[in-house]
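So the chains spell out like this:
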Amino acid sequence: MKVGIVGYAGSGKSTVFHWLTGVKPDPAKAQHGQTGVARIPDPRLDWLSELFQPKKTTAATLDFLDTPGLMPTERRDNPRRLGVLREGGGLVVVLNGYSESDLAGQLKRFRDELIFADLEIVTNRISRLEDQLKKARPAKEKELQQAELELLRRINATFEQERTPASLRLRDDEEKLIRSFQLLTLKPELVLVNCGDETLKQPLPADLLALAPTAIKAAPKLEMELTELPEEDRLLFMEEMGLPGFQRDEILRSIFAAMGQIVFFTVGEDECRAWPIPTGGDAVVGAGCIHTDLAKTFVRAEVVSYDDFRRTGSMKEAKQQGVYRLEGKTYQVKDGDIMHILASG
Ligand SMILES: Nc1nc2c(ncn2[C@@H]2O[C@H](COP(=O)(O)OP(=O)(O)OP(=O)(O)O)[C@@H](O)[C@H]2O)c(=O)[nH]1
Ligand SMILES: [Mg+2]
């Protein structure tokens with residue numbers, strides 16, 4: 001999954017990108033989106049790998065996209081800057097918390113930019129559909145266009161009420177009708193406040209949390225500087241700063257979860273691997289993550305939860321205790337499931 005790192009110019013997007021992916025930001029590339037990959041650290045995978053001693057251990061990953069900053073004074077041009085994000089599956093909104101104090105105001109303005117960019121797409125499409133519906137066309141085609149038009153009008157109404165289409169809780173068939181527009185306001189979002197040394201200790205303001213209850217704080221610049229210090233100095237410095245430890249791993253896990261992703265594991269002597277799957281995905285979707293053919297030839301999945309496996313200590317014992325189950329196509333995969341897919345042919 002590709003996650004866009006977004007925000008106003010100078011909010012710290014490239015610093016966050018560097019911190020999360022280890023890839024050095026190149027300002028020239030950010031104009032079109034610079035990509036870097038981050039492994040999602042998972043102590044459960046580490047434990048499984050320790051047990052199975054496989055030839056290869058593969059963690060789940062997220063692709064991050066560093067993007068050009070929005071200009072508060074160039075509202076008309078910002079939709080173009082946001083264009084590189086449309087293909088992404090979600091957004092990390094970086095707020096400047098090191099030199100600006102009104103974080104709620106900053107987020108509100110930023111969300112308005114997203115609405116403004118989507119509004120342009122939605123209203124253009126509405127006018128085109130209205131024109132097309134005036135022309136003679138096969139009834140079936142008209143019916144589809146009418147459905148799309150009605151949905152777009154509902155979406156448009158949410159913008160006018162300063163809500164987002166996410167509040168409509170679209171059904172799958174509705175979502176499919178408008179998927180190709182890649183609306184930014186429908187993408188999962190996590191707000192990350194880029195703190196300076198001083199602001200890190202302060203709690204996030206209540207008015208920000210009212211807008212974004214899952215907002216988190218981070219100090220990427222400080223953390224990167226600290227990793228360069230010798231360990232002794234680093235520990236002393238962190239104690240003085242009141243920093244309990246590095247936050248990078250935890251923040252990667254928070255982003256992964258906020259993007260609506262969970263993992264299931266496959267284990268064995270060759271490879272132990274964490275596979276990302278959208279929350280709510282069933283066993284066939286899981287099989288498809290491994291290989292498209294496996295989704296077609298899926299028969300059953302053998303499943304044991306990580307916790308049960310860890311408690312029982314082996315597949316044999318898990319079977320004896322009845323926690324190693326056979327599941328069918330519609331089984332909803334849970335975070336931490338260890339799965340073995342049985343396929344035909
Ligand atoms: N003091 C301080 N400066 C920071 C912090 N985070 C980032 N900066 C500085 O702010 C400037 C902008 O940071 P970037 O990460 O390049 O910001 P950006 O959002 O990528 O900026 P654009 O790509 O221009 O939109 C740099 O000079 C950073 O060193 C921080 O926590 N504290
Ligand atoms: Mg940048």
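All figures in this text were calculated on a predicted structure; none of them were measured in a lab.

**What to know about the overall build of the chain**
And step 1. Looking only at helices and strands, the chain features 15 helices and 12 strands.
And step 2. By its C-alpha atoms, the chain is 65 × 60 × 35 Å across when sized along the principal axes.
And step 3. Here the chain holds 345 residues, and the buried ones make up 32% of them.

**Some points on the packing of helix H5 (residues 103-134) against helix H6 (residues 139-160)**
Axis angle and axis distance: for two packed helices, these are the angle between their axes and the distance between the axes, and together they describe the pair.
And step 1. Two elements in contact, H5 and H6, have axes whose closest approach is 9 Å; the angle formed by their N-to-C orientations is 150°. The two elements H5 and H6 meet at a crossing, and its hand is left-handed. Across the interface between the two elements, Ile 115, Leu 119, Val 122, Thr 123, Arg 125, Ile 126, Leu 129, Glu 130, Gln 132 and Leu 133 from H5 touch Lys 142, Gln 145, Gln 146, Glu 148, Leu 149, Leu 152, Arg 153, Ile 155, Asn 156 and Phe 159 from H6.
And step 2. For the contact of H5 with H6, the class distribution of residues is 10 nonpolar, 5 polar and 5 charged.

**Points about the packing of helix H1 (residues 13-21) against helix H9 (residues 220-227)**
And step 1. Between H1 and H9, whose axes approach to 9 Å, the crossing angle comes to 45°. Here H1 is positioned oblique relative to H9, judged by the angle of their axes. Crossing of H1 over H9 shows left-handed handedness. On H9, the residues touching Thr 15, Val 16, His 18 and Trp 19 of H1 are Pro 220, Lys 221, Glu 223 and Met 224.

**Some words on the nonpolar core**
And step 1. In terms of nonpolar packing, the biggest core is built from 69 residues, with Val 92, Val 93, Val 191, Leu 192, Ile 255 and Phe 265 touching the most fellow members.
And step 2. Here the element with the most residues in this core is H5; it accounts for 6 residues.

**Some details on the domain arrangement of the chain**
And step 1. Assigned domains of the chain: these are domain 1 (1-139 + 183-261) and domain 2 (280-343).
And step 2. Measuring from the centre of the C-alpha atoms in domain 1 to the corresponding centre in domain 2 gives 32 Å.

**Some words on the site of ligand 1**
And step 1. Surveying the vicinity of ligand 1 reveals 14 residues, the closest of which are Lys 13, Ser 14, Thr 15, Gly 69 and Tyr 98.
And step 2. A total of 3 residues in the shell around ligand 1 trace back to one element, the largest contributor, which is H1.
And step 3. When grouped by side-chain class, the residues that make up the shell around ligand 1 number 3 nonpolar, 9 polar and 2 charged.

**Observations concerning the sheet that holds strand E1 (residues 2-6)**
And step 1. Taking strand neighbours across the sheet as the criterion, the 6 strands line up as E2-E4-E1-E5-E6-E7 in an open arrangement whose pairing is mixed. Each having just a single partner strand, strand E2 (34-39) and strand E7 (216-218) make up the two edges of the open sheet. If you compare each strand with its neighbour and ignore which way they point, the axes differ by 30° on average.
And step 2. The strands touched by H5 within the sheet are strand E5 (90-97) and strand E6 (189-195), with E5 carrying the most contacts at an inclination of about 140°.

**Structural notes on the environment of Ser 127**
And step 1. Here Ser 127 is to be found in helix H5.
And step 2. On the basis of neighbour counts, which here come to 9 C-beta atoms within 10 Å, the residue Ser 127 falls in the exposed class.
And step 3. The spatial distance from the C-alpha of Ser 127 to the C-alpha of Leu 149 is 9.2 Å, given a sequence separation of 22 residues.

**Comments concerning the environment of Thr 158**
And step 1. Residue position: Thr 158 is located in helix H6.
And step 2. On the neighbour-count criterion, Thr 158 (18 C-beta atoms within 10 Å) is partly exposed.
And step 3. Here Thr 158 is in contact with Arg 163, Thr 164, Pro 165, Ser 167 and Leu 168, once residues within four sequence places are set aside.

**Quick look at helix H11 (residues 248-258)**
And step 1. Listed in full, the buried residues belonging to H11 are Ile 251, Leu 252, Ile 255 and Phe 256. Down the axis of H11, the buried side of the element spans an arc of 140°, and every buried residue falls inside it.
And step 2. Positive phi shows up at Gly 260, right after H11, with a value of about 80°.

**Focus: the pairing of strand E10 (residues 298-305)**
And step 1. Strand direction decides the pairing type here: E10 and strand E12 (residues 337-343), joined by 7 bridges, are antiparallel. Within E12, the residue paired with Glu 302 across the bridge is His 340.
And step 2. Inspection of the sheet shows E10 paired to strand E11 (residues 325-327) by 3 bridges, in the antiparallel sense. For Glu 302, the partnering residue across the bridge sits in E11 and is Leu 326.

**Description of H5**
And step 1. The end-to-end C-alpha distance of H5 is 47 Å, a good match for the 46 Å that 32 residues give at a rise of 1.5 Å each.
And step 2. Tucked inside the fold, the buried residues of H5 contact helix H4 (78-82), E5, H6, E6 and helix H8 (206-211).

**Concerning the environment of Gly 105**
And step 1. Here Gly 105 lies in helix H5.
And step 2. For the pair Gly 105 and Leu 208, spaced 103 residues apart in sequence, the C-alpha to C-alpha distance is 8.2 Å.

**Some details on unusual backbone geometry**
Outside of glycine, negative phi angles account for most residues, and trans bonds account for most peptide bonds.
And step 1. Residue Gln 53 is not a glycine yet carries a positive backbone phi of 45°.
And step 2. Within the fold, Gln 53 resides in the loop between helix H3 (43-52) and strand E3 (56-58).
And step 3. For Gln 53, a count of 9 C-beta atoms within 10 Å gives the class exposed.
And step 4. Of note, Gln 182 is a non-glycine position whose phi angle comes to about 50°, a positive value.
And step 5. Here Gln 182 lies in the loop between helix H7 (172-178) and E6.

Rules used in this analysis
Residues numbered from 1 in each chain as written. Chains lettered and ligands numbered in written order. Predicted model: local features only at pLDDT ≥ 70, side-chain atom pairs only at ≥ 80, totals over all residues. Helix = DSSP H or I, 4+ residues; strand = E, 2+ residues; numbered from the N terminus. Buried ≥ 20, exposed ≤ 12 C-beta atoms within 10 Å, placed from the backbone. Axes fitted to C-alpha atoms, helices over the stretch in contact; angles between N-to-C directions. Left-handed = near helix turned anticlockwise from the far one by under 90°. Contact = placed C-beta atoms within 7 Å. Nonpolar A, V, L, I, M, F, W, Y, C, P; charged D, E, K, R; others polar. Parallel < 35°, antiparallel > 145°, perpendicular 65-115°, else oblique. Core = buried A, V, L, I, M, F, W, Y, C linked by C-beta atoms within 7 Å. Domains from an automatic or database assignment. Near = placed C-beta within 6 Å. Pairing = 2+ DSSP bridges. Arc of directions from axis to C-beta. Expected span 1.5 Å × (residues − 1).

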